[in-house]
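# Close look at the chain arrangement
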Amino acid sequence: MSFDGSVSSVESPGHRKSSRLILAAILATMFVSGLVSGVVEERNIPEPMWWTILSAFLSSFLTFCWFRLDRDARGIRRSVWVNIAILLLEPAAIMVYVLVSRPRGQKLRAFGRLAGFFLLLLLAAMLGMMAAFGVA
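A few points on the structure. (Residues numbered from 1 in each chain as written. Predicted model: local features only at pLDDT ≥ 70, side-chain atom pairs only at ≥ 80, totals over all residues. Heavy atoms only, no water.)

### Observations concerning the packing of helix H2 (residues 49–74) against helix H4 (residues 90–101)
At a minimum axis separation of 12 Å, H2 and H4 run at an interaxial angle of 10 degrees. For the element pair H2 / H4, the angle class is roughly parallel. Here Ser 59, Ser 60, Thr 63, Trp 66, Phe 67, Asp 70, Arg 71 and Arg 74 of H2 lie close against H4, whose contacting residues are Glu 90, Ile 94, Tyr 97, Val 98 and Ser 101. Split by residue class, the contact of H2 with H4 holds five nonpolar, four polar and four charged. (Axes fitted to C-alpha atoms, helices over the stretch in contact; angles between N-to-C directions. Helix = DSSP H or I, 4+ residues; strand = E, 2+ residues; numbered from the N terminus. Parallel < 35°, antiparallel > 145°, perpendicular 65-115°, else oblique. Contact = heavy atoms within 4.5 Å. Nonpolar A, V, L, I, M, F, W, Y, C, P; charged D, E, K, R; others polar.)

### Description of the packing of aromatic side chains
Throughout the structure, instances matching the rule amount to five aromatic pairs. Ring centres 5.9 Å apart and planes at 50 degrees place the aromatic pair Phe 64 and Phe 67 in the tilted group. With Phe 64 and Phe 67 both in helix H2, this residue pair falls three residues apart, about one helical turn. Accessibility assignment for this pair places Phe 64 and Phe 67 in one class, buried. Cluster of aromatic residues (ring-pair linked, three or more members): Phe 64, Trp 66, Phe 67 and Tyr 97. (Phe/Tyr/Trp six-rings, centres within 6.5 Å; stacked < 30°, edge-to-face > 60°. Buried < 20%, exposed > 50% of the residue type's maximum accessible area, 1.4 Å probe, protein only.)

### Here's the deal with the packing of H4 against helix H5 (residues 107–135)
Between H4 and H5, whose axes approach to 8 Å, the crossing angle comes to 155 degrees. Between H4 and H5, the interaxial angle falls into the category roughly antiparallel. In the crossing of H4 with H5, the sense of the turn from one axis to the other is right-handed. Of the residues in H5, those touching H4 at Pro 91, Ile 94, Met 95, Val 98, Leu 99 and Val 100 are Lys 107, Ala 110, Phe 111, Leu 114 and Phe 118. Tallied by class, residues from the contact of H4 with H5 come to 10 nonpolar, no polar and one charged. (Left-handed = near helix turned anticlockwise from the far one by under 90°.)

### A word on the pattern of salt bridges
Once their charged atoms are close, side chains differing in charge can pair, the charge on each being opposite to the other. Evaluated as defined, the whole model comprises three salt bridges. Taking the shortest distance from any N to any O, the salt bridge between Arg 102 and Asp 70 comes out at 3.0 Å. On the criterion of sequence distance, the pair formed by Arg 102 in the loop between H4 and H5 and Asp 70 in helix H2 is long-range, its members being 32 residues apart. Accessibility assignment for this pair places Arg 102 and Asp 70 in one class, buried. Residues participating in the shared-partner salt-bridge network are Asp 70, Arg 74 and Arg 102. (Salt bridge = Lys/Arg side-chain N within 4 Å of Asp/Glu carboxyl O.)

### What about H4?
Taking 1.5 Å as the rise per residue, H4 with 12 residues should run 16 Å; its terminal C-alpha atoms sit 16 Å apart, in good agreement. For H4, the complete set of buried residues consists of Glu 90, Ala 93, Ile 94, Tyr 97, Val 98 and Ser 101. Within H4, the buried residues cover an arc of 135 degrees as seen down the axis, which keeps them to one side. Turned more than 90 degrees away from the buried face of H4, the exposed residues are Val 96 and Val 100. For H4, the secondary structure elements touched by its buried residues are H2, helix H3 (80–88) and H5. (Expected span 1.5 Å × (residues − 1). Arc of directions from axis to C-beta.)

Following this line, the structure appears as structure tokens:
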């Protein structure tokens, strides 16, 4: 299901748009996390607990939204245990999900794209930290 409530396939423009919006929100969350970490480190104060909890919740929620969207578009049933694993063991569970859910011949490409996105997450956090030096 996409944001407008319609069921879409992986190739549909609605699925791609919704998926990209979620991934962009995850990147933005990582940038802001890096920014907050950089500012509190520069000012030599502890990171606010409310931010730690909020950013962890946001990250897990957005990852689950992407997972749900992708799984529904592929027509794969979601089990309760996989849902819990996605929420609690994000990186490992997403890697396993991507490798299991992609058809033969597309697994290596999908894993490469996932690795590239993980690198983008690190870059977003580092850019946030670098931006913090100008803010702090």
